[in-house]
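The chain contents come next:
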Amino acid sequence: MNAPEYVDITLPAGRKRSLTLSNDALLVIGVPVYMGRVPALLGDWLNRIEADNTPAICVVVYGNRAYENALLELKDIVQSRGCIPVAGAAFVGEHSFSSPETPTAQGRPDQNDLA
Ligand SMILES: Cc1cc2nc3c(=O)[nH]c(=O)nc-3n(C[C@H](O)[C@H](O)[C@H](O)COP(=O)(O)O)c2cc1C
């Protein structure tokens, strides 16, 4: 088995290179949920993925409001790029807008989540 390759697409510099996947690879892809959707700013990069019947595990992270269509949308995108979605998951993480005054999913994921 080859060592895993990590691609951080958080910042524009990380999205300069397109992702090309062979059919003996496994893609594990995670994106945050913005307004119940896959963030629009990731659309260009996601729609440049070139896969060859590559199995894919889709993950979305949301701030404990709702993930709405994001997981389905991510699944549809990678499928349209040649992946075969084999699993999906939605995980709660502390909301970007959380503050001491308005804590939202503060400290998540926590021990209960991990258990
Ligand atoms: C613009 C924006 C929209 C968001 N929309 C949602 C949402 O619809 N539902 C939800 O549960 N969390 C929402 N969140 C919270 C994020 O999904 C969550 O905090 C995620 O961990 C942010 O990851 P990031 O820090 O990599 O952007 C939103 C956050 C931002 C910044």
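As a starting point, this report considers the structure included with it.

Parameters and conventions
Residues numbered from 1 in each chain as written. Predicted model: local features only at pLDDT ≥ 70, side-chain atom pairs only at ≥ 80, totals over all residues. Heavy atoms only, no water. Near = heavy atom within 4 Å. Polar contact = N/O pair within 3.5 Å; in protein donor to acceptor, adjacent residues only side chain to side chain. Areas by Shrake-Rupley, 256 points an atom, 1.4 Å probe, with all protein chains shown as cover. Nonpolar A, V, L, I, M, F, W, Y, C, P; charged D, E, K, R; others polar. Core = buried A, V, L, I, M, F, W, Y, C linked by side-chain atoms within 4.5 Å. Buried < 20%, exposed > 50% of the residue type's maximum accessible area, 1.4 Å probe, protein only. Helix = DSSP H or I, 4+ residues; strand = E, 2+ residues; numbered from the N terminus. Contact = heavy atoms within 4.5 Å.

## Side note on the site of the ligand
With respect to spatial proximity, 15 residues lie near the ligand, and among them Val33, Tyr34, Met35, Arg65 and Ser96 are the closest. Backbone polar atom of Gly63 to a nitrogen atom of the ligand: 2.9 Å apart, as the coordinates give it. In isolation the ligand exposes 640 Å². Once the protein is present, 75% of that is buried. Considered class by class, the residues forming the shell around the ligand number 8 nonpolar, 5 polar and 2 charged.

## Focus: the nonpolar core
Note that soluble globular proteins tend to have their nonpolar side chains buried in a common cluster. Leu27, Ile29, Leu46, Ile49, Leu74 and Val78 are the most contacted members of the largest nonpolar core, which totals 25 residues. Residue assignment for this core shows that the elements contributing at least two residues are strand 1 (27-32), helix 1 (43-46), strand 2 (54-62), helix 2 (70-80) and strand 3 (83-92). Per element, the largest residue contribution to this core is 5 residues, and it comes from helix 2. Ignoring anything within four residues of it in the chain, the contact list for Ile49 reads Leu19, Leu21, Ile29 and Arg81.

As far as function goes, none of this settles anything; it's purely spatial.
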